[in-house]
Amino acid sequence: MELFIQQLLNGLTVGSVYSLVALGLTLVYGILHIPNFAHGALYMMGGYVTLTAMTKLGLPYALAVVVSMIVVGLLGVLMERLVFYPLRDAPPLHDKIAAIGILLFLEAFAQFVWGADYQTMPTPYGDVVSMFGLTLTVQRILIIASAVIIMILLYLFLKKTFIGASIIAMAQNREGANLVGINTNKVAMLTFLLSGSLAALAASLASPINLVFPGMGHLVILKAFVIIILGGMGSIPGAIVGGYILGFSESLGATYVSNDYKDIIAFAILVIILTFKPNGLFAKEGR
Amino acid sequence: MAIFEKRRLWLAVLIALAILFPLLVTNGYYLHMMTISYIWMIAVYGLNLFTGYTGYLSLAHAGFFAIGAYSLGILTVKVGWPFWLAFVSACLLTTLIGVFVGLVALRTKEHFFAIYTLCVGYIIYLIIDKWDSLTGGVRGFIGIPAPADIGPLSFQTPVAQYYLVLCFLVAVIFTMYCLVYSLTGRTYIAIRNSEELALTLGISTMKNKLASFVLSVFFTSLAGALYASFIRFLGPDIAYVSVMFDFLTYLLVGGIRTLAGPVVGTLLITFLSQQLQFLQDYRMLIFGPVLTLLIIFYPHGMAGGIIRLKAKREEARRLKLDTKRAAAELAAASRQERSERYVKEG
């Protein structure tokens, strides 16, 4: 029983990271209809920027995370301006391939600048706490707590502010939003800014318990895609719930099925879903 | 007709060059590079048929390439089948897997299809990587035999292997040529242009998409089996997504949806990477942006661009001819009018 609860807590940690990544992905998909294959590269860049800010600039962890969120957010905006904006009227094949090009470039860039080695990120929250016979590091608690706080803030931002409302308006109907005077270009840039920042935050939170390396975004982005298909492409609550479902199934699967094959679980879920529901779960009608 | 014959001449020159290559270039390294590029080309033709002509982005083809390669290895080394039986079986087995994947995957559309195949590719990679007892896992798979003799033909030397791969490549290009200019090929293009319209025209899109997918998987698995028998060592990396991206780059640089594209793109990129040896580790630093810039500014690639240029020039020439003729007619008309006036005025 203790093992089970321990694994549930692990699932909660992993799920929080997945949800944050999937949120960024689903925002971009919901608003601009781009399946951004380069999102994993943004995640990876987030890890490296935080690491560099801490080791080279000597910033404290929290500040480094903020710096990383800003830098990677701006990187996302740059991506939108330079690549996806010129491709907005192109056939759907094009933006997928362009995204792959960006992904390859950013990975090679990271390898060029920071080397191919696995690096560890120091954290001030490495202490272990024991509660009710369970052990948890403070970093894991931090991951769960900050993910939940960010999700609430994002929800409030989208529901309660004018800018958030315009984002949602554009997600619902781009032409309509344009007609009522919403600057769709600005909203697109803002979306990429948010998406990049969320990826950077997720990477900075997860890196102390994982490692930082050029390929760290691969599995995460694939799983994020699984999550947003699970939760409905473009749906924000779907991304959150999907992230936690995947986190739980992975940590339980690793314990009770096989640790070696835990990464396949996500893809097995996806293959099963798309086999029976080719348009994804909760597909919106008429899309 | 004249254009057609000219094109045939070009083709003959190219094939002659390819046949003479081992005699002209005795450097073993270049021969090796050329053979490898031919193998890539076969795989890229597979991708071109499906992604180029039918318009669905499959990201699982590196996986099929690896299945083709690994099944040849497993059938020859572990099961001990004769080479050519194993070779044919490897391709058929991969194609069969392709049928099942296609049946499910093709029910999804656009983005879903790309994501689905990306995940299928990753599953294949993970299985190869983790199934130690069958595939050798991360340590790789060694001891794959070179192609066995067919009657008096022996494929033990690199030159003989070069010719073997060349034969397969020519056969693949010929098949593609026949296919693309047939009604079936036109059907694929119709599906690419508008699936709804194709459906309305009474085309069974699912059947055609599946046929195109399975055939493209077959080409790719053929390339995989050739790769295994030529390199004779396999690692799980050949199933990795980056191999898929290499295929895409070759295809896009050369020209997607053209017959010459895979040849042009593969040769160009292989040649460039050879020239820029220092780039080996960081080649994506260049090729990533190249891929992105190409898709934004020059989505037709080299071959596609040339074809377009030619078409434009042809159009311009025809326009010019038309104008000339019109001018001549006008002049004639006015001359006639003038002479009529002279007659009238006496």
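Residues numbered from 1 in each chain as written. Chains lettered and ligands numbered in written order. Predicted model: local features only at pLDDT ≥ 70, side-chain atom pairs only at ≥ 80, totals over all residues. Heavy atoms only, no water.

Go over the packing of aromatic side chains with me, naming the residues and quoting the values.
Pairs of aromatic rings are described using the distance from one ring centre to the other and the angle between the two planes. On inspection of all chains with the given rule, the structure shows 32 aromatic pairs over all chains. An angle of 70 degrees between the planes, with centres 5.7 Å apart, marks the rings of B:Phe65 and B:Phe247 as edge-to-face. Highlighted residues: B:Phe65 in helix α3 (residues 61-78) and B:Phe247 in helix α11 (residues 241-254), separated in sequence by 182 residues. Taking relative accessible area as the criterion, B:Phe65 reaches 0% and is therefore assigned buried. Among the aromatic side chains, those forming a connected cluster through ring pairs are B:Phe50, B:Tyr56, B:Phe64, B:Phe113 and B:Phe213. The ring of A:Tyr85 carries A:Arg81 above its face, with NZ or CZ at 4.4 Å from the centroid. Lying over the aromatic face of A:Tyr85, A:Arg88 brings its terminal NZ or CZ to 4.1 Å of the ring centre. (Phe/Tyr/Trp six-rings, centres within 6.5 Å; stacked < 30°, edge-to-face > 60°. Helix = DSSP H or I, 4+ residues; strand = E, 2+ residues; numbered from the N terminus. Buried < 20%, exposed > 50% of the residue type's maximum accessible area, 1.4 Å probe, protein only. Lys NZ or Arg CZ within 6 Å of the ring centre and 35° of its normal.)

Give me the lowdown on the nonpolar core, citing residues and values where you can.
By size, the foremost hydrophobic cluster in this structure holds 190 residues, and its most contacted members are A:Phe37, A:Tyr43, B:Tyr38, B:Leu59, B:Phe65, B:Leu72 and B:Leu234. In terms of residues, this core owes the most to one element, helix α2 (residues 28-54) of chain B, which gives 15 residues. Among residues more than four places away in sequence, those in contact with A:Phe37 are A:Lys96, A:Ala99, A:Ile100, A:Leu103, A:Ile221, A:Phe225, B:Leu59, B:Ala114, B:Ile115 and B:Leu118. (Core = buried A, V, L, I, M, F, W, Y, C linked by side-chain atoms within 4.5 Å. Contact = heavy atoms within 4.5 Å.)

Outline the side chain of A:Ser207, supporting the account with residue identities and numerical values.
All names here are of chain A. Residue placement: Ser207 occurs in the loop between α8 (184-206) and α9 (217-230). Within the structure, the side chain of Ser207 is placed 2.6 Å from the backbone oxygen of Ala203, a separation counted as a polar contact. Ser207 has contacts with Gly47, Met121, Val212 and Met216, leaving out every residue within four places of it along the chain. (Polar contact = N/O pair within 3.5 Å; in protein donor to acceptor, adjacent residues only side chain to side chain.)

Provide a residue-level description of the pairing of strand β2 (residues 134-137) of chain A, including the pertinent values.
Residues and elements named next belong to chain A. Burial of β2 is one-sided: the residues Leu134 and Leu136 facing one way are buried, the residues Thr135 and Thr137 facing the other way are not. When strand β1 (residues 128-131) meets β2, the two strands line up antiparallel, connected through four bridges. The residue of β2 that forms the bridge with Met131 is Leu134. Hairpin connection between β1 and β2: a loop of two residues separates the two successive antiparallel strands, and Phe132 in this loop has a positive phi of roughly 50 degrees. (Pairing = 2+ DSSP bridges.)

How would you explain the interface of chain A and chain B if you had to name every residue and give the values?
Contact residues are listed per partner, giving 45 residues for chain A and 36 residues for chain B. In this assembly, chain A packs against chain B so that about 3,800 Å² is buried in total across both faces, 81% of it on carbon and sulfur atoms. On the chain A side of the contact with chain B, A:Leu93, A:Ile97 and A:Leu104 bury the most area, a combined 15% of that side's loss. Counting every contact that joins chain A to chain B gives zero salt bridges. Our count for the chain A to chain B interface comes out at three residue pairs in polar contact (both at pLDDT 80 or more). Elements represented by at least two residues in the side of chain A that touches chain B include exactly α3 (61-84), α4 (92-114), α9 and α11 (262-276) of chain A. (Buried area = accessible area lost by both parts, 1.4 Å probe. Salt bridge = Lys/Arg side-chain N within 4 Å of Asp/Glu carboxyl O.)

Which residues make up empty space enclosed by the protein, and what are the values?
Using the criterion set out here, one finds four cavities of 30 Å³ or more in the structure. Here the largest cavity defines a volume of roughly 140 Å³. Forming the walls of the largest cavity are A:Phe37, A:Ile100, A:Leu103, A:His218, A:Ile221, A:Leu222, B:Leu59, B:Leu118, B:Tyr122, B:Val241 and B:Phe245. Every element with two or more residues in the lining of the largest cavity is listed here: α4 and α9 of chain A together with α5 (110-130) and α11 of chain B. Among the elements that line the lining of the largest cavity, the one with the most residues is α9(A), at three residues. (1 Å grid on protein atoms, 1.4 Å probe; cavity = no way out; pocket = protein on both sides within 12 Å on 5 of 7 lines; lining within 4 Å. Points joined across faces, edges and corners; volume = space filled by probe spheres on them.)

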